[in-house]
Amino acid sequence: MSNNQIDRQPLVTLLSDFGDRDVYVGIMKGVIAQINPRLTVVDLTHQIPPQDIAAARFSLMNAYAHFPVGTVHLAVVDPGVGSKRRAIAVEFAQGFLVGPDNGIFSGVLSQSLAMSTTGYAYAAVELTNLNYWRTPQPSKTFHGRDIFAPVAANLASGVPLKQLGQEIDLVSLVNLDIGNCKQTTTGVVGCIQYIDHFGNLVSNIPASYVQGKSWYVQVAGLSVPGCETYSEVKVGEIIALVGSHGWVEIAINCGHAHSQLQINLQDPLEVLFFSENQTSESC
């Protein structure tokens, strides 16, 4: 590795379902430091529910835009580890993605492409160059240590993407389909795509659909008023609002909507708009 490569110092972010009880995360950081101790490593989260690719997809999709261009995002939620699923690295407008080809990056790539106005040429490789692995005989259960961490460290240190392996067609990447929201004559139909630590039920309906409108949500037989802040309803009351991530969500003020309402991932909901002759309750 040349000095010019080491002088280039983007961030590396880590996301996994490894938790903080075991040493797995620390080991990946150690592998990164062995390759380039000057790299800055940021933990996004290691509390993704075990094997929950959809939660990892959502979390990474809502985090990447807050990092500098050129950041390398290393994500390991990998129930297919050791199987024939591909290990990949992807270049996109804001940086790089390193991890398993299981749909974990599909949210970032679809969102980034939709926001692009330049027709940015993405590129992807299957990680076949063993020179950038920790060992040519990786563990069947810990590719985070033996493949993804060393590749991410080398990529962040300036190794060109195409040097890491065989180029692959972008359309061949696995897409995790969580369903799209659909506009109707009276509102927008969607589903729950994520449940956060507070039990808030995050839909796949973006804020743009409700901005400047009076609206409410119908879900599980309930009519939930659309508000702007939690304080607009009493403690213990259900509320719909746009979260900091930019999606419509269902919450309970100082409560846990998931456990109290028994609404789950992929459950349907509908945003409805008040007509000019209707008035909304509070908010």
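Refer to the structure presented above.
Remember, predicted model here, so these are calculated numbers, not experimental data.

1. Side note on the state of the cysteines
No. 1: Here the structure, examined in full by the defined rule, presents zero disulfides.
No. 2: Looking at the unpaired C181, the closest cysteine sulfur is the one in C191, lying at 8.9 Å.

2. Focus on the packing of aromatic side chains
No. 1: According to the stated counting rule, one finds six aromatic pairs in the structure shown.
No. 2: Seen in terms of ring centroids, Y24 and F142 are 5.5 Å apart; in terms of plane orientation they differ by 80°. Their pairing is edge-to-face. Placement of Y24 in helix α2 (residues 24-35) and of F142 in the loop between β6 (123-126) and α5 (143-156) is noted, with a sequence separation of 118 residues between them.
No. 3: Under the relative-accessibility criterion, F142 is labelled buried at 8%.
No. 4: Measuring from ring centre to ring centre gives 5.7 Å for Y64 and F92, while their planes differ by 70°; the resulting arrangement is edge-to-face. With Y64 in the loop between α3 (53-61) and β3 (71-76) and F92 in strand β4 (residues 87-92), this pair connects stretches of sequence that are 28 residues apart. Grouping residues by exposure puts Y64 and F92 together as buried.

3. Focus: the sheet that holds strand β1 (residues 11-16)
No. 1: As summarised here, the arrangement of the seven strands in space is β2-β1-β3-β5-β4-β6-β7, forming an open sheet in which the pairing is mixed. The open sheet is flanked by β2 (40-45) and β7 (166-168), the only strands paired with a single partner. For this sheet, the mean inter-axis angle between neighbouring strands, taken without regard to orientation, is 25°.
No. 2: Pairing of β4 with β6 involves four bridges; the strand directions are antiparallel. Bridge pairing links A89 to V125 in β6.
No. 3: Where α2 meets the sheet, its contacts fall on β1, β2 and β3, and the angle it forms with β1 comes to roughly 155°.
No. 4: Relative to β3, α5 is tilted by about 175°, and along the sheet it contacts β1, β3, β4 and β5 (95-100).

4. Focus on a nonpolar patch on the surface
No. 1: Side chains of V23, Y24 and I27 sit close together on the surface and give an oily, nonpolar patch of about 260 Å² of accessible area.
No. 2: Counting through the fold element by element, I27 comes out in helix α2.

5. Re the pairing of strand β11 (residues 215-219)
No. 1: Across the five residues that make up β11, a large majority, four, are buried.
No. 2: Of the strand pairs in this sheet, β11 and strand β12 (residues 222-225) are connected by four bridges, and their pairing is antiparallel. Bridged to V217 within β12 is V224.
No. 3: With antiparallel pairing between neighbouring strands as the criterion, β11 and β12 make up a hairpin whose turn holds two residues, including A220 at a positive phi of roughly 50°.

6. Re the pattern of salt bridges
No. 1: Tallied over the full model, the rule gives five salt bridges.
No. 2: We note a salt bridge from D43 to K29, for which the minimum N-O separation is 2.6 Å. Residue D43 is found in strand β2, and its partner K29 is found in helix α2; the two are separated by 14 residues along the sequence.
No. 3: Judged by its relative accessible area of 35%, D43 falls in the partly exposed class.
No. 4: With a shortest N-O distance of 2.7 Å, D146 and R145 are connected by a salt bridge.
No. 5: What makes D146 buried here is its relative accessible area of 1%.
No. 6: Each member of the salt-bridge network shares a partner with another, and the members are R134, R145 and D146.

Analysis parameters
- Here the residue numbering is sequential within each chain, running from 1 through the sequence in written order.
- The predicted nature of this model means local features are confined to residues of pLDDT at least 70 and side-chain atom pairs, given and counted, to a pLDDT of 80 or more, with totals for whole chains, interfaces and linings taken over all residues.
- Calculation of side-chain values draws on the structure's entire complement of heavy atoms; hydrogens and water are dropped beforehand.
- In what follows, a disulfide is any cysteine sulfur pair within 2.5 Å.
- In summary, the pairing rule links any two rings of Phe, Tyr or Trp, Trp by its six-membered ring, whose centres are within 6.5 Å, and it sorts them by plane angle into stacked for under 30 degrees, edge-to-face for over 60 and tilted for everything else.
- Secondary structure elements follow DSSP: runs of H or I no shorter than four residues count as helices, runs of E no shorter than two count as strands, and numbering proceeds from the N terminus.
- A simple rule labels every residue: compare its accessible area, found with a 1.4 Å probe on the protein chains alone, to the largest value its type can have, and call it buried under 20%, exposed over 50%, or partly exposed in between.
- A pair of strands counts as paired when DSSP detects no fewer than two bridges linking them.
- Note on geometry: axes are lines fitted to C-alpha atoms, helical ones only across the stretch in contact, with angles between N-to-C directions running from 0 to 180 degrees.
- Contacts are residue-level and defined by heavy atoms, with any inter-residue pair within 4.5 Å sufficient.
- A patch consists of residues whose relative accessible area exceeds 30% and which take part in no salt bridge; residues with like charges are grouped when within 9 Å of each other, and nonpolar side chains (Val, Leu, Ile, Met, Phe, Trp, Tyr) when within 5 Å.
- Each accessible area is a Shrake-Rupley estimate made with a 1.4 Å probe; only the visible protein chains count as cover when residues are assessed.
- One side-chain nitrogen of Lys or Arg within 4 Å of one carboxyl oxygen of Asp or Glu is enough to make a salt bridge.

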